[in-house]
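# Residue-level structural notes
Spelled out, the chains give:
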Amino acid sequence: QVQLVESGGGLVQAGGSLRLSCAASKSIGRINVMGWYRQAPGKQRELVASISSGGTTNYADPAKGRFTISGDNAKNTVYLQMNSLKPEDTAVYSCNIVGYPTALRGPPVYWGQGTQVTVSS
């Protein structure tokens, strides 16, 4: 059973930075896309940023210019560097890794357990 282990969350003042890390407990195989999602209290989970196996990145509007996603396919790890944090960035952040489908099954989808990010004003 593959597990995604996240680290790097915590409490930070507005304007500060955090770096989130996510690593798979064992090899996933070929990775299609890796991403970070967040869910604030009372809100739906939303995509923050994603990165394809080829390195193409995609950012939600709130993350553009402040957050940077990076990944290492060989190590099955994904990072999220968050700068200029705002109180509205407060949420539980979860990583997500999607593999490729095979002839026998659809694409495997893995989720981390989530890490709390709290930004104080």
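Every value quoted in this text rests on a predicted model; they were computed, and no experiment measured them. Throughout this document, residue positions are counted from 1 along each chain, in the order its sequence is written. Confidence filtering applies because this is a predicted model: local features only for residues at pLDDT of at least 70, side-chain atom pairs given and counted only at 80 or more, and all residues used for totals across whole chains, interfaces and linings. Excluding hydrogens and water, the side-chain figures rest on all heavy atoms present in the structure.

## Overview of the state of the cysteines
- Note on disulfides: each one is a pair of cysteine sulfur atoms within 2.5 Å. A full pass over the atoms with the stated rule returns one disulfide.
- The disulfide bridge from Cys22 ends at Cys95, spanning 2.0 Å between sulfur atoms. As the torsion about the S-S bond is roughly 55°, the Cys22-Cys95 disulfide counts as right-handed. Taken as a pair, Cys22 in strand β3 (residues 18–24) and Cys95 in strand β9 (residues 91–99) lie far apart in primary sequence, 73 residues in all. Here Cys22 and Cys95 have matching classes, each one buried. Put simply, DSSP marks the helices as runs of H or I at least four residues long and the strands as runs of E at least two long, and each gets a number from the N terminus on. Exposure categories follow from relative accessible area, calculated using a 1.4 Å probe and restricted to protein chains: below 20% of the type maximum is buried, above 50% is exposed, and the middle band is partly exposed.

## Brief notes about the sheet that holds β3
- Within the open sheet, the four strands sit side by side as β1-β3-β8-β7. Their pairing is antiparallel. Looking along the sheet, the strands with just one partner apiece sit at the ends: β1 (4–7) and β7 (67–72). On average, adjacent strands in this sheet sit at an angle of 15° to one another, irrespective of strand direction.
- For two strands to pair, DSSP has to find at least two bridges joining them. When β3 meets strand β8 (residues 77–82), the two strands line up antiparallel, connected through six bridges. Every axis corresponds to a line fitted to the C-alpha atoms, with the helix fit spanning only the stretch in contact, and the corresponding angles, defined between N-to-C directions, vary from 0 to 180 degrees.

## Points about the packing of aromatic side chains
- By convention, a stacked pair of Phe, Tyr or Trp rings (six-membered ring in the case of Trp) has centres within 6.5 Å and planes under 30 degrees apart, an edge-to-face pair has planes over 60 apart, and any other such pair is tilted. Throughout the structure, instances matching the rule amount to one aromatic pair.
- Here the guanidinium or amino end of Arg30 rests over the ring plane of Tyr100, the centre of that ring lying 4.0 Å away. When the NZ atom of lysine or the CZ atom of arginine is within 6 Å of a ring's centre and also within 35 degrees of its normal, the charge is said to sit over that ring.

## Some points on the environment of Val12
- Turning to its location among the elements, Val12 is positioned in strand β2 (residues 10–13).
- The exposure class assigned to Val12 is buried, which follows from its relative accessible area of 14%.
- Remark: the alpha-carbon pair of Val12 and Thr90, spanning 78 residues in sequence, is separated by 9.7 Å.
- Two residues form a contact once any of their heavy atoms are found within 4.5 Å. Contacts of Val12, omitting those with residues within four sequence positions, involve Ser17, Leu18, Leu85, Thr118, Val119 and Ser120.

## Overview of the pairing of β7
- Alignment of β7 against β8, held across six bridges, turns out to be antiparallel. Bridge pairing links Asp72 to Thr77 in β8.
- Here β7 folds back onto β8 in antiparallel fashion, the turn holding four residues, of which Asn76 has a positive phi close to 55°.

## Topic: the nonpolar core
- Nine residue types can take part in a nonpolar core, namely buried Ala, Val, Leu, Ile, Met, Phe, Trp, Tyr and Cys, and a core is a set of them joined through side-chain atoms within 4.5 Å. Counting residues in hydrophobic clusters, the biggest one holds 30 residues, and the most contacted among them are Leu4, Trp36, Leu80, Met82 and Tyr93.
- Once residues lying within four places of it in the same chain are set aside, the contact partners of Tyr93 are Glu6, Leu20, Trp36, Tyr37, Arg38, Val48, Phe67, Leu80, Met82, Gly114, Thr115 and Val117.

## With respect to unusual backbone geometry
- Positive phi, normally seen in glycine, also occurs at Asn76, with a value near 55°.
- Within the secondary structure layout, Asn76 lies in the loop between β7 and β8.
- We classify Asn76 as buried; its relative accessible area is 5%.
- Positive phi values are uncommon outside glycine, yet Ser84 reaches one of about 50°.
- Mapped onto the secondary structure, Ser84 falls in the loop between β8 and β9.

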